[in-house]
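Letter by letter, the chains look like this.
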Amino acid sequence: MEPVISILMPTYNHERFISKAIESVLMQKTVFPFELLINDDCSTDSTGKIASEYAAKYPEIIKYNRQLHNKGLLENYKFVLEHSKGKYVAILESDDCWTNPEKLQKQISFLDKHQEYGICAGDYTTIDANDNVIKEFHKTDDDGLYGDWYGKILYTNFICAATICFSKKYFEKYCNINNYIKNKFLTFDYPLLLDISANSKCHYIHENLSSYRVLPTSISNTTDYKKNMKFEESILQIQLYSISCWGTGSYTKESVLEKRVFECLNKALDNHNFADYMKYAKLLHSTTKKGRIIHRFPALFYFQHIIRIH
């Protein structure tokens, strides 16, 4: 019997966490079959050994593949997507885990009954490397949107990747992962969310579905300033790509880009990186008084900030 949903699990050097991620999939209580596709991007630790042992134990559910060479996250996603058989797809990277045993059932039940909806997501908890809870997120960002998420997600992404379930028909029609790879995007879920939400309704389940692990080595959470700025710049490129494809929804292009530039500028300011600060100050075309002052007198504002914090 063909799986109704395919769970995508790209992995690389997650020997410490992958068992918990896999077990959280196996605990799912569903009335339909599902498959877990694990693609090991040539890990150098025991991640592959752990995953292959699970695949041998649960061959009807788990499909394991090991890349011969490290190809990166998006190529990893492309591989599992091309081998997925489900009508629906869920994302679970191998350092995260699901917390609700009815996650898949709740999401598929909704998407099956509402074909005009392309995405279903929900609340989540952030945890550290030792499974300690950092923060619980009970989002209300979807209030008043009536399923029309695109503009809000473009302005600020409020969706956790580990909670996402999407309809493959919308992905195949509106998403182009080859473009993601060509543009060297550093994340898969954000352009996916934008492409599908621009062309379908979206549903939020106000229940905790997943735990998202915050690690200092994760590119979106790293304490490494250069890596962090590289990720922020990739988000900006994704936003520009999406705007070129689908427009800006209920926001203006200026407001979307201003928010991102301000975030990059503040990171440069906090890290005392004058060169980056000046670069982003020149990109700032703000309608706010503060933004106009920074754009016209960037060095003055920078040194006033440095003096204040000292």
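What comes next is a walk through the structure. (Residues numbered from 1 in each chain as written. Predicted model: local features only at pLDDT ≥ 70, side-chain atom pairs only at ≥ 80, totals over all residues. Heavy atoms only, no water.)

## Concerning the overall build of the protein
Thought 1: A tally of regular secondary structure across the protein gives 13 helices and 9 strands.
Thought 2: For the protein, whose C-alpha radius of gyration is 20 Å, the value lies close to the compact-globule estimate of 19 Å for 310 residues.
Thought 3: By its C-alpha atoms, the protein is 65 × 45 × 35 Å across when sized along the principal axes.
Thought 4: Looking at the protein as a whole, 51% of its 310 residues are labelled buried.
Thought 5: Nonlocal contacts in the protein, meaning residues at least 24 apart in sequence, comprise 78% of its contacts between residues at least 6 apart.
Thought 6: Accessible surface computed for the protein: about 14,800 Å², of which carbon and sulfur atoms make up 53%.
Thought 7: When the 38 positive and 37 negative side-chain charges of the protein are each reduced to one mean point, those points stand 5 Å apart. (Helix = DSSP H or I, 4+ residues; strand = E, 2+ residues; numbered from the N terminus. Rg over C-alpha atoms; globule rule 2.2 N^0.38 Å. Buried < 20%, exposed > 50% of the residue type's maximum accessible area, 1.4 Å probe, protein only. Contact = heavy atoms within 4.5 Å. Areas by Shrake-Rupley, 256 points an atom, 1.4 Å probe, with all protein chains shown as cover. Lys, Arg positive; Asp, Glu negative; His and termini not counted. Charge placed at Lys NZ, Arg CZ, Asp CG, Glu CD.)

## Description of the packing of helix α1 (residues 18–26) against helix α2 (residues 47–57)
Thought 1: The contact between α1 and α2 brings their axes to 10 Å, and the two run at 20 degrees. What the angle tells us is that α1 and α2 run roughly parallel. Here the hand of the crossing between α1 and α2 comes out right-handed. Judged by residue contacts, Ile 18, Ser 19, Ile 22, Glu 23 and Leu 26 of α1 engage Thr 47, Ile 50, Ala 51 and Tyr 54 from α2.
Thought 2: Tallied by class, the residues present in the contact of α1 with α2 amount to 6 nonpolar, 2 polar and 1 charged. (Axes fitted to C-alpha atoms, helices over the stretch in contact; angles between N-to-C directions. Parallel < 35°, antiparallel > 145°, perpendicular 65-115°, else oblique. Left-handed = near helix turned anticlockwise from the far one by under 90°. Nonpolar A, V, L, I, M, F, W, Y, C, P; charged D, E, K, R; others polar.)

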